[in-house]
Amino acid sequence: MASGGTDRAAALRRTYLSLGLGELCATAVFVGVALTGVVPSSAALWSALIPLVLVLLQGGVYWLLARRWLARGVMPRAVAAAYRSFRLLDPLVIAAGLVGVLVTQVSAEQRVLALMVWLLAVVEYVNYFVVRLAYPATSWLSKVGERRIPRLVKDIQASGS
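Residues numbered from 1 in each chain as written. Predicted model: local features only at pLDDT ≥ 70, side-chain atom pairs only at ≥ 80, totals over all residues. Heavy atoms only, no water.

Re the side chain of Gln58
Thought 1: The residue Gln58 is located in helix 2 (residues 43-66) in this model.
Thought 2: Look past the residues within four positions of Gln58 in its chain and what remains in contact with it is Tyr83, Phe86, Asp90 and Phe129. (Helix = DSSP H or I, 4+ residues; strand = E, 2+ residues; numbered from the N terminus. Contact = heavy atoms within 4.5 Å.)

What to know about the nonpolar core
Thought 1: Grouped together as the largest cluster of nonpolar side chains are 30 residues, with contacts concentrated most on Tyr62, Met75, Tyr83 and Leu152.
Thought 2: Where this core is concerned, the elements lending two or more residues are helix 1 (4-36), helix 2, helix 3 (77-103), helix 4 (108-129) and helix 6 (151-158).
Thought 3: Element by element, the count of residues in this core is highest for helix 2, at eleven residues. (Core = buried A, V, L, I, M, F, W, Y, C linked by side-chain atoms within 4.5 Å. Buried < 20%, exposed > 50% of the residue type's maximum accessible area, 1.4 Å probe, protein only.)

A short note on the environment of Gly73
Thought 1: Relative to the elements of secondary structure, Gly73 occurs in the loop between helix 2 and helix 3.
Thought 2: Once the C-alpha coordinates of Gly73 and Glu124 are considered, the two residues, 51 residues apart in sequence, prove to be 24 Å apart.

Describing the packing of aromatic side chains
Aromatic rings in a pair are described by how distant their centres are and how their planes are angled relative to each other.
Thought 1: If you walk through the whole model with that rule in mind, you get seven aromatic pairs.
Thought 2: Taken together, a centroid distance of 5.0 Å and an interplanar angle of 85° make the contact between Tyr83 and Phe86 edge-to-face. Here Tyr83 pairs with Phe86, and both are found in helix 3, just three residues apart, close to one helical turn.
Thought 3: Residue Tyr83 is classed as buried on the basis of its relative accessible area of 3%.
Thought 4: One aromatic cluster in this structure is built from Tyr16, Tyr62, Trp63, Trp69, Tyr83, Phe86 and Tyr128. (Phe/Tyr/Trp six-rings, centres within 6.5 Å; stacked < 30°, edge-to-face > 60°.)

Looking at helix 3
Thought 1: Look at helix 3: 39 Å from first C-alpha to last across 27 residues, which is about the 39 Å you get at 1.5 Å a residue.
Thought 2: The largest bend in helix 3 is about 30°, located at Leu89, with the proline Pro91 one to four residues further on.
Thought 3: Of all the positions in helix 3, only Val79, Ala80, Tyr83, Asp90, Ile94, Gly97, Gly100 and Val101 are classed as buried.
Thought 4: Looking at the buried side of helix 3, the elements it contacts are helix 2, helix 4 and helix 6. (Expected span 1.5 Å × (residues − 1). Bend = angle between axes of the 7 residues up to and from the residue.)

Comments concerning a nonpolar patch on the surface
Thought 1: The grouping of Val99, Leu102, Val103 and Leu115 at the surface amounts to a nonpolar patch, some 360 Å² of accessible area in total.
Thought 2: Among the elements that take part in the nonpolar patch, helix 3 stands out by supplying three residues, more than any other. (Patch = residues over 30% accessible without salt bridge, like charges linked within 9 Å, V, L, I, M, F, W, Y side chains within 5 Å. Areas by Shrake-Rupley, 256 points an atom, 1.4 Å probe, with all protein chains shown as cover. Salt bridge = Lys/Arg side-chain N within 4 Å of Asp/Glu carboxyl O.)

Below, the structure is given as structure tokens:
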């Protein structure tokens, strides 16, 4: 019979696997929709989509990598350094994406779609690097007000680098 700590670690590994694969699947869906023409593709859409894909990929890879350090509890320094860099560079990419959305000549509908995609990139960045935003719908209002530190940021801080 496994101990409570082993059960908890196994449950966390499954959760992290689900989160990581979910983010990677979301990335594939967004890119697939843009490439297949389900929505009209434009430079504005791609300007918004690139930052979103970047943050989703970083998130997906983080969750999958985090499964490796659950046992020892510390993110490797090299991984922490990479994510510390992402935390600084992503806002620049997101800002450039907004410029692309705003300066590209597209229909009002395409601009609104691109702005919604861009806003999702901002929300994902905030959720990973600023304050945790992901909670069950039933407790979202009360939990988000707690302004919890995202797991990724806690792992970076705990790495000691």
